[in-house]
Amino acid sequence: MEGKIVKLTGGFYYVYSDGKVYETRARGNFRHKDTKPVVGDIVEFKYEEDKLGYIEKVYPRTNILIRPSVANVDQVLIVIPIKDPKYNLNLVDRMIIAYENKVDIFIVINKYDLDESEAKKLMYLYKNAGFETFMVSNKDEKSLESLREHVEGKTTALSGVSAAGKSTIASYILGREVLVGGISEKTRRGKHTTRHVELLFGENDTYLFDTPGFSSMDLSIDSDRLQEQFREFKNFRSNCRFNNCNHINEPHCAVKEAVESGEVEETRYKNYVSIFNDLKEKGKY
Ligand SMILES: Nc1nc2c(ncn2[C@@H]2O[C@H](COP(=O)(O)OP(=O)(O)O)[C@@H](O)[C@H]2O)c(=O)[nH]1
Ligand SMILES: [Mg+2]
Ligand SMILES: [Zn+2]
């Protein structure tokens, strides 16, 4: 049978096929990490009444992300909370690096009700960097409505730290409370955390990956290629004196000049330098 993996928890893959969800395991032939099935995969599986199913094959993917670990995604919403918890732009830029050139990226500044002027600052920062950026709050239905239009008919992954508001946004877009393990997140004791990646079905071919948050992001990318993941550098790179310029200490660097003139956001450039040095130090890539 053919189906789509909609949830992975405790080593079990839940596969949706023809109106039903089947509990399955992955066969031993998926030993290598990069061939292991992930949520969003289209798979071939075997199932017999009253028995555990088995995934036998993963169909080719249009793309795959590492954090969150999902496949066949049209776009990612990076959800940045303005407060509670306060945003970390180094982590945000690491997320962008991980997704850039793989999927469309939207930046969502969330909880703007908690500090509107700060939220506006962030919104302009990412707009200037070349991203489609939204400023939303669950206290402002209209703001979420404009976001809904951008996810309708698409498969979208929600990414961001824990408590950024991903599940809240998912609930609004889907028009129902997002459930975790069969019970409402809201009635769970303790924190409202999403513990696993889950593909949620909406109307009109809308799919959302709700994901747990993460607080760090290791990148496996060559430091010399990092600049390719900063879209706003593209307009300037070709004007650097050296065509292998990394825009760090080289003379006559057009990217650094663009930072001076304000055409490239200083925050983005600083994170670029810090992540570049970090990758260089690790040196293993
Ligand atoms: N003030 C405010 N709180 C929000 C907003 N969106 C979500 N929250 C709260 O932030 C907390 C975490 O939200 P949740 O959706 O579970 O975050 P997730 O971990 O990213 O899924 C919850 O207590 C929400 O009620 C918002 O726009 N404004
Ligand atoms: Mg959640
Ligand atoms: Zn340069």
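Note that the coordinates shown come from a computational prediction; the quantities given were computed from them, not determined experimentally.

### Some remarks on the site of ligand 1
For step 1, the next point in the chain: The immediate surroundings of ligand 1 are formed by 19 residues, with K111, G165, K166, S167 and T168 found nearest.
For step 2, the next point in the chain: Here the element with the most residues in the shell around ligand 1 is helix 4 (residues 166-174); it accounts for three residues.
For step 3, the next point in the chain: In terms of residue class, the shell around ligand 1 is made up of three nonpolar, 12 polar and four charged.

### Description of the domain arrangement of the protein
Put simply, an interface is often sized by how much accessible area is lost when its parts join up.
For step 1, the next point in the chain: Here the domain parsing of the protein yields domain 1 (2-60), domain 2 (65-210) and domain 3 (223-282).
For step 2, the next point in the chain: Centre-to-centre, using C-alpha coordinates, domain 1 lies 42 Å away from domain 3.

### Side note on the pairing of strand 1 (residues 2-9)
For step 1, the next point in the chain: Sheet topology note: the strand 1/strand 4 (residues 42-46) ladder contains three bridges and is antiparallel. Within strand 4, the position partnered with K4 by the bridge is I42.
For step 2, the next point in the chain: Here strand 1 pairs with strand 2 (residues 12-17) via five bridges, running antiparallel. Bridge pairing in strand 2 links K4 to Y16.

### Examining the pairing of strand 15 (residues 207-210)
For step 1, the next point in the chain: Here strand 15 shows no split at all, with Y207 and F209 on one side and L208 and D210 on the other all buried.
For step 2, the next point in the chain: Pairing between strand 11 (residues 155-159) and strand 15: three bridges, direction parallel. Of the residues in strand 15, the one forming a bridge with T156 is L208.
For step 3, the next point in the chain: Here four bridges tie strand 14 (residues 198-201) to strand 15, and the two strands are oriented antiparallel to one another.

### Notes on the nonpolar core
For step 1, the next point in the chain: I78, I80, V108 and I109 are the most contacted members of the largest nonpolar core, which totals 74 residues.
For step 2, the next point in the chain: By residue number, the principal contributor to this core is helix 1 (residues 89-99), which donates six residues.
For step 3, the next point in the chain: Residues within four places of V108 in sequence aside, it is in contact with L77, I78, V79, I80, F134, V136 and L147.

### Things to note about the environment of E49
For step 1, the next point in the chain: Position of E49 relative to the elements: it lies in the loop between strand 4 and strand 5 (53-58).
For step 2, the next point in the chain: Residues E49 and Q229 lie 180 residues apart in sequence; the distance between their C-alpha atoms is 48 Å.

### A short note on unusual backbone geometry
Peptide bonds are, in most cases, trans, and in most cases residues other than glycine have a negative phi.
For step 1, the next point in the chain: Residue P68 is bonded to the preceding R67 through a cis peptide linkage, with omega at -5°.
For step 2, the next point in the chain: Examined against the element boundaries, P68 turns out to sit in the loop between strand 6 (64-65) and strand 7 (70-71).
For step 3, the next point in the chain: Across the junction of D84 and P85, the peptide omega takes the value 0°, indicating a cis bond.
For step 4, the next point in the chain: The topology assignment puts P85 in the loop between strand 8 (75-81) and helix 1.
For step 5, the next point in the chain: Of note in this structure, D50 is not a glycine but carries a positive phi near 65°.
For step 6, the next point in the chain: Inspection of the secondary structure puts D50 in the loop between strand 4 and strand 5.
For step 7, the next point in the chain: Non-glycine residue A163 carries a positive phi angle of around 75°.

The rules behind each value
- Residues numbered from 1 in each chain as written.
- Chains lettered and ligands numbered in written order.
- Predicted model: local features only at pLDDT ≥ 70, side-chain atom pairs only at ≥ 80, totals over all residues.
- Near = placed C-beta within 6 Å.
- Helix = DSSP H or I, 4+ residues; strand = E, 2+ residues; numbered from the N terminus.
- Nonpolar A, V, L, I, M, F, W, Y, C, P; charged D, E, K, R; others polar.
- Domains from an automatic or database assignment.
- Pairing = 2+ DSSP bridges.
- Buried ≥ 20, exposed ≤ 12 C-beta atoms within 10 Å, placed from the backbone.
- Core = buried A, V, L, I, M, F, W, Y, C linked by C-beta atoms within 7 Å.
- Contact = placed C-beta atoms within 7 Å.

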